[in-house]
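Each chain is listed here by its residues.
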Amino acid sequence: MEDDGVSNVKDSVLMSEITCSDENISNTSTEPVCTTIDGNKPKRPPRSERKRQRHEELLLRRKEERKRKKIERKQRMKEEDNDSNNERSDDRRVTQQMKEARRSRCKQALIDGQKICIDCSLEQYMSEKERGKLIMQINRLYGSNLRADNPAHIYLTGLKKDSSLYEECVKKMDGFENYLIDSKEEHHTELFPLDKIVCLSPDSPNLLTDIDSDKIYIIGGLVDENIKQHVTQTRATEHGLTTARLPIEENMIKLQQSSHSKILAVNQVFDILMKYKETKDWKQALSVGVPRRKGYVIEQEDPT
Ligand SMILES: C[S@@+](CC[C@H](N)C(=O)[O-])C[C@H]1O[C@@H](n2cnc3c(N)ncnc32)[C@H](O)[C@@H]1O
């Protein structure tokens, strides 16, 4: 925009009364310092020039502001990074400590924990797929045991080193040979006094009312997608062993659905035993192990 003469004259008069120079005025702006060339008539740059300069100043200020903010941001990020690195290494330390504590509890359980056996001598009743599922269930129950405050002494009995089940355990469970589990080739009847063994079976006529720390509880290492009834019950009675079923009907009610099953997976039975050991309450114990899809719920729940 062009300069208007009126304001220029007025400005010049005012400016002529002042002597300004670079030396006596500390001017941080880029606007030129007013000065007179001939000593009488100070000349101001035209308005368009001043406007351009102001604009440049503004841009410069903005640039510097952006630069300052960027530095601050970087600094903040660095500090946050340090904080989260510290937190992460704290987490790692805690996790490592937790892992060590769990392992040491399980090591102790191999000395004085509640004895629970998974009977691994039932391989002939399972397909390869069912064997694979059994391995997953053993893996899960091993994980539950590691997490337990009072872990059990887990045995895998009748697990022959030359069996497909053993081979698959090694293949599918990472570090299986270092698991804190007692793996035995012998059958449970060769390892424990017969009168101390309780074989768990959904087909048992007897009710499991309590868990006795002197007894050894046997869970059949079976996945029966095509249900083979009475396998564990028949085998146990053949050996003259006591059998017991979980008190599902006594503590749970049937949902209004067509199918109901009291046959649970190996890891579910294990979780129920562990919860009962901890709480001495069958309702609480069964509620952790019996999935709703089995058609049973704890009594206080609405059965619809
Ligand atoms: C999938 S079940 C196998 C059922 C199989 N038909 C049998 O003859 O045992 C796996 C194992 O979990 C235990 N189990 C499952 N449901 C049970 C229940 N309701 N009461 C007691 N033990 C049970 C038994 O030890 C059983 O052998």
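Residues numbered from 1 in each chain as written. Predicted model: local features only at pLDDT ≥ 70, side-chain atom pairs only at ≥ 80, totals over all residues.

In terms of regular secondary structure, the chain is built from nine helices and eight strands. A total of 304 residues make up the chain; the buried ones form 24% of that total. The contacts of the chain with a sequence gap of at least 6 include a subset with a gap of at least 24, amounting to 75%. (Helix = DSSP H or I, 4+ residues; strand = E, 2+ residues; numbered from the N terminus. Buried ≥ 20, exposed ≤ 12 C-beta atoms within 10 Å, placed from the backbone. Contact = placed C-beta atoms within 7 Å.)

Read from one edge of the open sheet, six strands run β3-β2-β1-β5-β4-β6, paired in parallel fashion. Among the strands making up the open sheet, the edge pair consists of β3 (182–183) and β6 (242–244). Alignment of strand β4 (residues 197–200) against strand β5 (residues 216–220), held across four bridges, turns out to be parallel. Pairing of Cys 199 across the sheet is with Ile 218, part of β5. (Pairing = 2+ DSSP bridges.)

So, about the site of the ligand. Around the ligand there are 23 residues in total, and Leu 200, Pro 202, Gly 220, Val 231 and Thr 232 lie nearest to it. Counting residues per element, the ones that place at least two in the shell around the ligand are β5, α6 (231–238) and α8 (266–279). For the shell around the ligand, the per-class residue count stands at 14 nonpolar, five polar and four charged. (Near = placed C-beta within 6 Å. Nonpolar A, V, L, I, M, F, W, Y, C, P; charged D, E, K, R; others polar.)

Looking now at the packing of helix α3 (residues 128–147) against α8. Contact geometry of α3 with α8 gives a least axis separation of 8 Å together with a crossing angle of 20°. In terms of orientation, α3 lies roughly parallel with respect to α8. For the pair α3 and α8, the sense of crossing is right-handed. In this structure, α3 contributes Leu 134, Gln 137, Ile 138, Arg 140, Leu 141 and Ser 144 to the contact, and α8 contributes Val 266, Asn 267, Phe 270, Asp 271 and Met 274. The residue makeup of the contact of α3 with α8, split by class, is six nonpolar, three polar and two charged. (Axes fitted to C-alpha atoms, helices over the stretch in contact; angles between N-to-C directions. Parallel < 35°, antiparallel > 145°, perpendicular 65-115°, else oblique. Left-handed = near helix turned anticlockwise from the far one by under 90°.)

This next bit is on α6. In an α-helix there are 3.6 residues to a turn, and that puts residues three or four apart on one side. Residues of α6 that are buried: Thr 232, Arg 235 and Ala 236. Buried residues of α6 fall within an arc of 100° about the axis and therefore sit on the same side. Exposed residues pointing more than 90 degrees away from the buried face of α6 are listed as Thr 234 and Glu 238. Contact partners of the buried residues in α6: β4, β5 and β6. (Arc of directions from axis to C-beta.)

With phi around 65°, His 230 is a residue other than glycine that occupies positive phi space. Within the secondary structure, His 230 sits in the loop between β5 and α6. Phi at Lys 280 takes a positive value of approximately 55°, unusual for a residue other than glycine. Looking at the secondary structure, you find Lys 280 in the loop between α8 and α9 (282–289).

It is the contact of α3 with helix α4 (residues 164–172), at a shortest axis distance of 10 Å, that shows an interaxial angle of 55°. Our classification of the angle between α3 and α4 gives oblique. Crossing of α3 against α4: the hand is right-handed. Contact residues: Arg 131, Gly 132 and Ile 135 in α3; Ser 164, Leu 165, Glu 168, Cys 169 and Lys 172 in α4. Residues that form the contact of α3 with α4 fall into these classes: three nonpolar, two polar and three charged.

Looking now at the environment of Lys 115. In this structure, Lys 115 sits in strand β1 (residues 115–119). Beyond its immediate chain neighbours, meaning those up to four positions away, Lys 115 contacts His 153, Tyr 155 and Ile 216.

In terms of burial, β5 is largely enclosed, as five of its five residues are buried. With burial as the criterion, each face of β5 is covered, one bearing Ile 216, Ile 218 and Gly 220 and the other bearing Tyr 217 and Ile 219. Looking at chain direction, β1 and β5 are connected through four bridges and run parallel. Among the inter-strand pairings, Cys 117 is bridged to a residue of β5, identified as Ile 218.

Another point: the pairing of β4. Residues Ile 197 and Cys 199 of β4 are buried on one face, and the alternating residues Val 198 and Leu 200, pointing to the opposite face, are buried as well. Where β4 and β6 come together, three bridges link them in parallel fashion. The residue bridging Leu 200 from the neighbouring strand is Ala 244, located in β6.

Time to look at the confidence of the model for the chain. Interpretation of the predicted coordinates at a detailed level should be avoided for regions scoring low in pLDDT. Overall, the predicted model of the chain reaches an average pLDDT of 87, with 85% of residues at or above 70. Scored below 50 in pLDDT, residues 1–31 makes 31 contacts in the model with residues more than four places away or belonging to other chains. (pLDDT = per-residue confidence, 0-100.)

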